[in-house]
Amino acid sequence: MATARIVSLKALVHGVSAWSPHSQFLLRSRTLTSAVRAYSAATSPPSKAVVYDQHGSPDIVTRVTELPPVEIKENDVCVRMLAAPINPSDINRIEGVYPVRPPMPAVGGYEGVGEVHAVGSAVKGLSTGDWVIPSPPSSGTWQTYVVKEQTVWHKIDKSTPMEYAATVTVNPLTALRMLEDFVTLKPGDTIVQNGATSMVGQCVIQLARLRGIHSVNIIRDRVGSDEAKENLKKLGADEVYTESQLEVKNVRGLLGNISEPALGFNCVGGNATSLVLKFLKQGGTMVTYGGMSKRPITVSTSSFIFKELTLTGFWLQRWMSSDKAEECRSMIDYLLGLCRDGKLKYELEVAPFDDFHSALEKAMGKRGSQPKQVLKF
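Model, not experiment: these values are computed from the prediction. (Residues numbered from 1 in each chain as written. Predicted model: local features only at pLDDT ≥ 70, side-chain atom pairs only at ≥ 80, totals over all residues. Heavy atoms only, no water.)

## With respect to the sheet that holds strand β2 (residues 62-67)
Read across the open sheet, the 3 strands follow the order β2-β1-β4; overall the sheet is antiparallel. For this open sheet the edge positions go to β2 and β4 (106-107), each flanked by a neighbour on one side alone. Direction of pairing for strand β1 (residues 47-52) relative to β4: antiparallel, over a ladder of 2 bridges. What sits directly across from V51, in β4, is V107. Against the sheet, helix α13 (residues 356-363) makes contact with β1 and β2, and its axis sits at roughly 145 degrees relative to β2, the strand it touches most. (Pairing = 2+ DSSP bridges. Helix = DSSP H or I, 4+ residues; strand = E, 2+ residues; numbered from the N terminus. Contact = heavy atoms within 4.5 Å. Axes fitted to C-alpha atoms, helices over the stretch in contact; angles between N-to-C directions.)

## Regarding the pattern of salt bridges
The tally for this structure, following the rule as stated, stands at 14 salt bridges. A salt bridge links R177 to D181; its shortest N-O distance comes to 2.3 Å. Of this pair, R177 and D181 are both found in helix α6 (residues 170-181), 4 residues apart, which corresponds to roughly one turn of the helix. Using a relative accessible area of 5% as the deciding quantity, one classes R177 as buried. Looking at D181, the relative accessible area reads 34%, which means it is partly exposed. Among the salt bridges present, the one from E180 reaches R211, with a minimum N-O distance of 3.0 Å. Here E180, found in helix α6, pairs with R211, found in the loop between α7 (199-210) and β10 (214-219); they are 31 residues apart in sequence, far enough to count as distant. Taking the relative accessible area as the measure of exposure, E180 reaches 41% and is therefore partly exposed. A single salt-bridge network, built from bridges that share partners, covers R177, E180, D181 and R211. (Salt bridge = Lys/Arg side-chain N within 4 Å of Asp/Glu carboxyl O. Buried < 20%, exposed > 50% of the residue type's maximum accessible area, 1.4 Å probe, protein only.)

These values are about where atoms sit, not about what they do.
What follows is the structure, given as structure tokens:
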């Protein structure tokens with residue numbers, strides 16, 4: 001009755017009978033409008049995405065297309081992506097050579113940062129406008145809207161520079177874990193690495209310096225190597241050498257007053273691996289986390305017999321999949337804090353999402369040496 005009275009009162013105010021055809025039409029229209037609004041709130045907007053249906057060269061098999069809206073279930077969060085990088089592992093997934101690959105058709109990308117657009121009815125702790133990253137990383141970040149369960153998303157400080165938030169997991173976290181997981185290092189110790197201009201390499205230099213650990217860094221012979229050396233020294237590198245400078249029998253004389261490295265990092269393979277091994281002290285450890293040259297690791301017999309070196313590998317995805325989600329998020333917060341304080345930085349190039357194929361060519365090395373490419377949506 002109360003409802004009837006309210007309707008009657010509204011109807012009388014407007015000068016029509018409560019149950020006239022006109023009022024019934026208005027009531028149906030309002031009901032339909034409410035239903036449409038409820039449906040719209042439960043789905044994401046259409047998403048513009050980088051999709052591939054088969055494995056192959058990314059510049060050939062990827063395409064930018066529009067995907068239909070996705071239902072937002074009660075535990076889901078719809079995120080409007082802000083930025084996402086193009087990592088070597090992203091390229092390898094599309095090529096079909098990475099050990100873990102999403103089923104096809106697939107959307108590219110594995111990490112990034114976004115803003116909460118909408119939340120499901122059972123979601124707590126996240127609100128519209130919050131900044132989040134997938135942690136651990138999750139496939140499908142190269143699109144304008146992503147819908148995944150709340151457990152995928154980690155809320156971060158919105159004062160973090162967007163491009164650093166988008167790239168904090170794969171490379172900086174790799175650098176941190178390698179410094180902490182293999183050899184107990186103390187202030188005054190030394191590490192050596194090839195691929196020092198890579199994003200991981202830049203992070204290793206800075207994180208080591210914060211711990212009072214020296215770094216010896218190896219870079220390729222190329223145009224601009226002198227500038228690269230200066231840039232790495234500004235980040236805190238103690239020594240930087242091109243590969244050709246290390247074609248000497250004894251590299252100890254190049255260390256000056258710093259100690260022989262106890263720990264080495266290899267992301268190149270081939271001859272660059274032997275240069276890392278030459279620097280390592282007796283009983284040292286070399287960790288391989290990449291193979292950019294696509295050449296096998298070559299190790300001399302004497303390195304095993306007389307120097308008793310240990311060779312091992314590190315794969316971040318395996319580490320993160322071993323029930324370390326909370327630990328991973330704590331480390332990410334630490335790294336993002338360093339970024340906000342200006343204590344951790346690395347070279348990046350932000351590219352509009354509309355220029356995806358141009359950024360992809362740069363990331364694939366088709367335009368010479370380029371900074372890390374970060375897509376801005």
